[in-house]
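# Residue-level structural notes
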Amino acid sequence: MNECPECGSAKIVKNAALREYAENYAEFNLRVVLFQKPENWIFKKGVYTDIRAEVCGDCGYLQPYSAEPAQLWEAYQTLQSEIE
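### Some thoughts on the overall build of the protein
In terms of helices and strands, the protein carries 1 helix and 6 strands. Along its sequence from the N terminus, the protein presents helices and strands in the succession β-β-β-β-β-β-α. The C-alpha atoms of the protein give a radius of gyration of 17 Å, which is well past the 12 Å a tight globule of 84 residues would have. Taken along the three principal axes of its C-alpha coordinates, the protein extends 45 × 40 × 15 Å. The proportion of buried residues among the 84 residues of the protein is 20%. Excluding contacts between residues fewer than 6 apart, the proportion of contacts in the protein whose partners are at least 24 apart in sequence is 42%. Of the roughly 6300 Å² of accessible surface on the protein, 53% is carried by carbon and sulfur atoms.

Okay, here's the thing in structure tokens:
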């Protein structure tokens, strides 16, 4: 994003990490997951990718995105071919 879709500002913070803080003060990146074997109780073969964001420096508009969308797409295609 080169310009904020909300306010039109060009003040865009790129590649910001979205973090979760647990009660024990541990930090974790937020992630997207796609399970290739969702029916399994264990060994679901998860494909994980971090969530990154672009943030407007004026209004705070936040645009999240997957850091590695190609991995998710490959896993999704594999899952769809197994369903059909």
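### Describing the pattern of salt bridges
Enumeration according to the criterion identifies 3 salt bridges in this entry. Notably, a salt bridge pairs Asp58 with Lys11, separated by 3.4 Å at the nearest N-O pair. With Asp58 in the loop between β5 (46-56) and β6 (62-66) and Lys11 in the segment before β1 (12-17), this residue pair connects regions lying 47 residues apart in the sequence. A residue is classified by how much of its surface remains accessible, and Asp58, at 48% relative accessible area, is partly exposed.

### Looking at the packing of aromatic side chains
For the structure shown, the criterion picks out 2 aromatic pairs. With a centroid separation of 6.5 Å and an interplanar angle of 90 degrees, the aromatic rings of Phe35 and Tyr48 are classed as edge-to-face. Remark: Tyr48 occurs in strand β5 and Phe35 occurs in strand β4 (residues 31-35); sequence separation between them is 13 residues. You can call Phe35 partly exposed: its relative accessible area is 30%. Using a relative accessible area of 39% as the deciding quantity, one classes Tyr48 as partly exposed. An angle of 35 degrees between the planes, with centres 5.6 Å apart, marks the rings of Trp73 and Tyr76 as tilted. Taken as a pair, Trp73 and Tyr76 lie in helix α1 (residues 69-83) at a separation of 3 residues, close to a single helical turn.

### Some points on the nonpolar core
Looking at soluble globular proteins, one finds that nonpolar side chains tend to be buried together. Core analysis: the biggest nonpolar cluster contains 5 residues, these being Leu34, Val47, Leu72, Ala75 and Leu79. Per element, the largest residue contribution to this core is 3 residues, and it comes from α1. Leave out the neighbours within four places in its chain, and Ala75 touches Leu34, Gln36 and Val47.

### Points about the side chain of Ser9
With respect to the helices and strands, Ser9 occurs in the segment before β1. Here the side chain of Ser9 touches Lys11 through a polar contact of 3.0 Å, landing on its backbone nitrogen. In contact with Ser9, not counting residues within four places along its chain, are Asn2, Glu3, Cys4, Cys56 and Asp58.

Rules used throughout
Counting from 1, residues in each chain are numbered in the order their sequence is written. Selection of residues for local features in this predicted model requires a pLDDT of at least 70, selection of side-chain atom pairs for listing and counting requires 80 or more, and totals for whole chains, interfaces and linings are taken over all residues. Only hydrogens and water are removed before side-chain values are computed, so all heavy atoms of the structure are retained for them. Here a helix means four or more residues in a row that DSSP labels H or I, a strand means two or more in a row labelled E, and each is numbered from the N terminus. We take the radius of gyration over the C-alpha atoms and set the globule estimate at 2.2 Å times the residue count to the 0.38 power. We call a residue buried when its accessible area falls under 20% of the maximum for its residue type, exposed when it is over 50%, and partly exposed in between, using a 1.4 Å probe and counting protein chains only. Residues are treated as being in contact if the distance between any of their heavy atoms lies within 4.5 Å. Areas reported here follow the Shrake-Rupley algorithm with a probe of radius 1.4 Å; residue values treat only the protein chains shown as occluding. Salt bridges are defined by distance alone: a side-chain nitrogen of Lys or Arg within 4 Å of a carboxyl oxygen of Asp or Glu. Aromatic pairs are defined between Phe, Tyr and Trp rings, using the six-membered ring for Trp, whenever the two ring centres lie within 6.5 Å; interplanar angles under 30 degrees are classed as stacked, those over 60 as edge-to-face, and all others as tilted. The nonpolar core is taken to be a set of buried Ala, Val, Leu, Ile, Met, Phe, Trp, Tyr and Cys residues, with the residues joined through side-chain atoms within 4.5 Å. Any pair of nitrogen or oxygen atoms within 3.5 Å is treated as a polar contact; in protein, a donor-acceptor pairing is required on top of that, and neighbouring residues in sequence qualify only through side-chain atoms on both sides.

No statement about biological role is implied by the geometric values presented.
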